[in-house]
Amino acid sequence: MLSTKPNIDTLTHGLRKAVSTPETAKSTKEQKDLVTALSLAINKLRDTLTKKTSSAKIISTYLAQLTWVDITDEKVRETIAGLLDSSLAWYNLELEYIQTIQPIINNGLAANEYKVYKEAVEDLGEAISDLKSAVITLPNSKEFNDAMKELANL
């Protein structure tokens, strides 16, 4: 086998050509842009989850308070039922959002914000259920009404 010594001119030319191509510079810029875009998207996801968590907590608080409102007439019950329907629609959208972002969360992105958000949405589901029971289900239950009358007579 014949061995030749590397030629400095050939090596210099080849190396300079490899490192100074416009494609290399373009690729590096694209990679930096991609990292920046990903960082911005992750921060936006975190901010969105934080805002959605706050909204879910606020809605849950209002629904909990509505559970204890005195229903003086059917108009009040209808108003609460309408608010309940709106809250349930919002809750269902949040459940869809959870499914949408699940693959991202499974990769460890925004995991802490997601955990708090998901708990707030679960609490919202419980608040909706409680209000529905207090305002719609129980008042229409003969057994409940009979029990309430018995308690009132004690």
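One can find the structure itself at the top, above this paragraph.
A. Quick look at the nonpolar core. Core analysis: the biggest nonpolar cluster contains 20 residues, and Leu49, Leu63, Ile101, Tyr114, Tyr117 and Leu131 have the highest contact counts within it. At the level of elements, helix H2 (22–67), helix H3 (74–106) and helix H4 (111–137) are the ones that each hand at least two residues to this core. Sequence-distant contacts of Ile101, that is, excluding residues within four places in its chain, are made with Leu45, Leu49 and Tyr114.

B. Structural view of the side chain of Lys52. Within the secondary structure, Lys52 sits in helix H2. Not counting chain neighbours up to four residues away, the residues in contact with Lys52 comprise Trp90, Glu94, Tyr97 and Tyr117.

C. Fine view of the packing of H3 against H4. Across the interface, H3 lies against H4 with an axial gap of 10 Å and an inter-helix angle of 155 degrees. Between H3 and H4, the angle falls in the class roughly antiparallel. Handedness of the H3/H4 crossing: left-handed.

D. Seen up close, the packing of aromatic side chains. What the rule picks out here adds up to one aromatic pair. Arranged with centres 6.0 Å apart and planes meeting at 85 degrees, the rings of Tyr97 and Tyr117 form a pair that is edge-to-face. One end of the pair, Tyr97, is in helix H3; the other, Tyr117, is in helix H4, and 20 residues separate them in sequence. Tyr117 gets classed as buried once you look at its relative accessible area, which sits at 0%. Sitting above the plane of the Tyr97 ring, Lys52 keeps its charged end 4.5 Å from the centroid.

Reading the values: the criteria
Residues numbered from 1 in each chain as written. Predicted model: local features only at pLDDT ≥ 70, side-chain atom pairs only at ≥ 80, totals over all residues. Heavy atoms only, no water. Core = buried A, V, L, I, M, F, W, Y, C linked by side-chain atoms within 4.5 Å. Buried < 20%, exposed > 50% of the residue type's maximum accessible area, 1.4 Å probe, protein only. Helix = DSSP H or I, 4+ residues; strand = E, 2+ residues; numbered from the N terminus. Contact = heavy atoms within 4.5 Å. Axes fitted to C-alpha atoms, helices over the stretch in contact; angles between N-to-C directions. Parallel < 35°, antiparallel > 145°, perpendicular 65-115°, else oblique. Left-handed = near helix turned anticlockwise from the far one by under 90°. Phe/Tyr/Trp six-rings, centres within 6.5 Å; stacked < 30°, edge-to-face > 60°. Lys NZ or Arg CZ within 6 Å of the ring centre and 35° of its normal.

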